[in-house]
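Per-entry structural report
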Amino acid sequence: MPDDAKTTNRLHWEAQEKELAALMDKAMQPGGQKAVERLAKQGKKPVRELIGQLIDPATDFFELGVIAGFGMNYPEVEDVPCGGLVFGLGKIHGNWTLILANDSRIKAGTYFPITLKKHMRAQAIAERCGLNCVYISDSGGAFLPMQAEIFPDDQQFGSIFYNMARMSAKGLKQITLSTGGNTAGGAYIVFMACEAVMIDKLAYSFLGGPPLVKAATGEVISAEDLGGAKVHTGISGGADHFCKSQDEAVGKVRELLSMEKPRRPLIHREDPQAPKLPPESIYENLPVNIYQGIRIREILPALADGGIFLEYKKEYARGRGDNIVCGKMRIGGIPVGVIASNGAGIIFTQSARKATEWIIRCSHEKIPLLFLQNSPGYMVGSASEHEGIGKYGADMVRAVACAQVPRIQVAIGPDHGAANYGMCGRAYRPHFLFHTMRSRTSVMSGLSAASVLLTIEEKKREAAGKPMQEPEKQAFREKMAEKYGGEAHPFYCGARLYNDRVLKFDEIRKWLVMALEVSLLEPIGEPSFGNLRF
Ligand code: COA
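Residues numbered from 1 in each chain as written. Predicted model: local features only at pLDDT ≥ 70, side-chain atom pairs only at ≥ 80, totals over all residues. Heavy atoms only, no water.

**A short note on the site of the ligand**
Here is the rule we go by: Being near a molecule or strand, for a residue, means having at least one of its heavy atoms within 4 Å of it. Definition of a polar contact: a pair of N or O atoms within 3.5 Å, with one able to donate and the other able to accept a hydrogen when the atoms are protein atoms, and with sequence-neighbouring residues admitted only if both atoms are side-chain atoms. Side-chain classes follow a simple rule in which Ala, Val, Leu, Ile, Met, Phe, Trp, Tyr, Cys and Pro form the nonpolar group, Asp, Glu, Lys and Arg form the charged group, and the remainder, Gly included, forms the polar group.
Around the ligand there are 13 residues in total, and Lys107, Gly140, Ala142, Phe143 and Leu144 lie nearest to it. In this structure, a nitrogen atom belonging to the ligand sits 2.9 Å away from a main-chain N or O atom of alanine 142. Between a nitrogen atom of the ligand and a main-chain N or O atom of leucine 144, the distance comes to 3.0 Å. When its residues are assigned to classes, the shell around the ligand shows six nonpolar, five polar and two charged.

Have a look at this one:
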């Protein structure tokens, strides 16, 4: 790529990532300094400070779902910054642990539909990867105006406690650090824990708060006397450890997890090596135009240890098998099987067959899979159909669905249609799914959708005797392109948790190391691919 184009690309993606950083800041500072001061008056720190104290010194907290909740347009509330809940992965005494914390600055930490979705996602990661969980709870429970959308169904409020019960039965510690109100349903986060820590005069837990008790029974009682830390650690037995401050409580949680069995990734890992190319090369090599082809072989050396990539079937069906590049590399010393879009990323029969073979091979070898997605879809047209793109594309989808090894997707470009399935989109339950500022996830591109819908609209209008004029058609195309562009954008997807995080290009490697380590804590089972027929 010429130097001019490289500079243009780099400047563009850096500017895009500044927008990402601004949105993340907004998510992390709800209510600004005023809200921090209000917390301080209550004797509380912002939750990320508490999490920083909880994890091992000088380690990172890998926060997921940071931009969840923007533009939700709920009754009374347009944005729920960060979905009202912080969650991520950090190490406690060297063990990866899932940490989840209500942010009481956002409507008293109450649960909106997006908060529940986030809570469920966090617990799903913990259960699948066998992680202990710490819940820093400070929540007014259900966001009452929306009870119908958060209370009755599976994956709604009750599932929080169902998941806690089942995870603790599997031996995964469920520790609650209660640092605020836990009313009604929310009280179960204290009572369902394996061990719960409560803070004097800060933490409360009751099935009905003082106003409800008065209305129901006439009893007049303070929150402290009804369900404070002294009541539950000294009288009811509903909580286990009494602390006087947040600092003491965080120390107690660390202590409770200090005797856990050390757990390390179950894979043949070597000493990590730096990649051959610097991260800036990724910025330079990804074209500004999302639909312009990419050269993935120039990007992989910025991710792979030592830049070493062992390509599989490199010579096979050049031009048609080459739109997906497969091979092995190590990231942070961990071996991974790579399935990466190349060029324009359109998946031809040959590339689908190659990818299917590779997925099955890696599954037999029990090495995790990394999908680098930059594909607008499978090839259409009679030549492709007759060659069996439907069948071989379906084989690829089946292999992705059945592969029992950890799977991670990073989208670095178009992510449309069935290529979303074949490259392990959300519905295929990758262990982690990351977007970047170049990803666009939608059923098809805005322009394709516009032409399909325009054809239908034109037919209707002709039948009605009012054919569409060119300016009208153009306006229609532009409107569709804008709508699809907006909905496919990583911010839109991140707000709805269609991704786990939007990554900057220069942090992809670091996040992959974390994701691989965490995904490999549980043993990998035996491969089984069901109804594959070549
Ligand atoms: N549903 C909807 N909104 C709620 C809410 C709930 N369950 N609980 C609190 N809020 C809102 C408040 O209306 C307030 O909104 P505003 O900022 O727009 O004025 C905001 O959250 C902060 O609440 P506030 O009471 O000022 O915070 P606090 O820190 O003084 O007290 C609680 C926190 C949780 C102790 C207290 O809000 C409370 O008791 N809430 C009701 C809890 C309850 O009964 N829940 C039942 C759920 S099953």
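**Topic: helix H4 (residues 113-129)**
This is how it is decided: A run of DSSP states H or I qualifies as a helix once it reaches four residues; a run of E qualifies as a strand once it reaches two. Both are numbered from the N-terminal end. Between the first and last residue of a helix there are one fewer steps than residues, each counted as 1.5 Å, and that sum is the expected span. Residue exposure (1.4 Å probe, protein chains only): buried if accessible area is under 20% of the type maximum, exposed if over 50%, otherwise partly exposed.
With 17 residues, H4 ought to run about 24 Å at 1.5 Å a step, and its terminal C-alpha atoms sit 24 Å apart, in line with that. Of all 17 residues in H4, 12 are buried, a share of seventy percent or more. Along H4, the residues that are buried comprise Ile114, Thr115, Leu116, Lys118, His119, Met120, Arg121, Ala122, Gln123, Ile125, Ala126 and Cys129. Glycine 130 occupies a position one or two residues after H4 and carries a positive phi of about 70 degrees.

**Details of the side chain of asparagine 374**
Rules: We call two residues in contact when some of their heavy atoms are within 4.5 Å.
Within the secondary structure, asparagine 374 sits in strand S12 (residues 369-375). Residues in contact with asparagine 374, not counting those within four places in the same chain, are Ile294, Ser341, Gly343, Ala344, Gly345, Ile412, Gly413, Pro414 and Arg438.

**Some points on helix H18 (residues 470-488)**
One full turn of an α-helix is made of 3.6 residues, so residues set three or four places apart face in the same direction. We count it as follows: Working definition: the arc comes from the directions between the helix axis and the C-beta atoms, pointing outward to the latter.
Helix length check: H18 (19 residues) gives 27 Å between terminal C-alpha atoms against 27 Å at 1.5 Å per residue, within 8%. Looking only at H18, the buried set comprises Lys473, Phe476, Met480, Tyr484 and Ala488. Seen end-on, H18 carries its buried residues on one side only, within an arc spanning 85 degrees. Exposed and oriented more than 90 degrees from the buried face of H18 are Pro471, Lys479 and Glu482. Looking at the packing, one finds that the buried side of H18 touches strand S15 (440-442), helix H17 (446-463) and helix H19 (490-495).

Everything listed is a geometric property; what it means functionally is a separate question.
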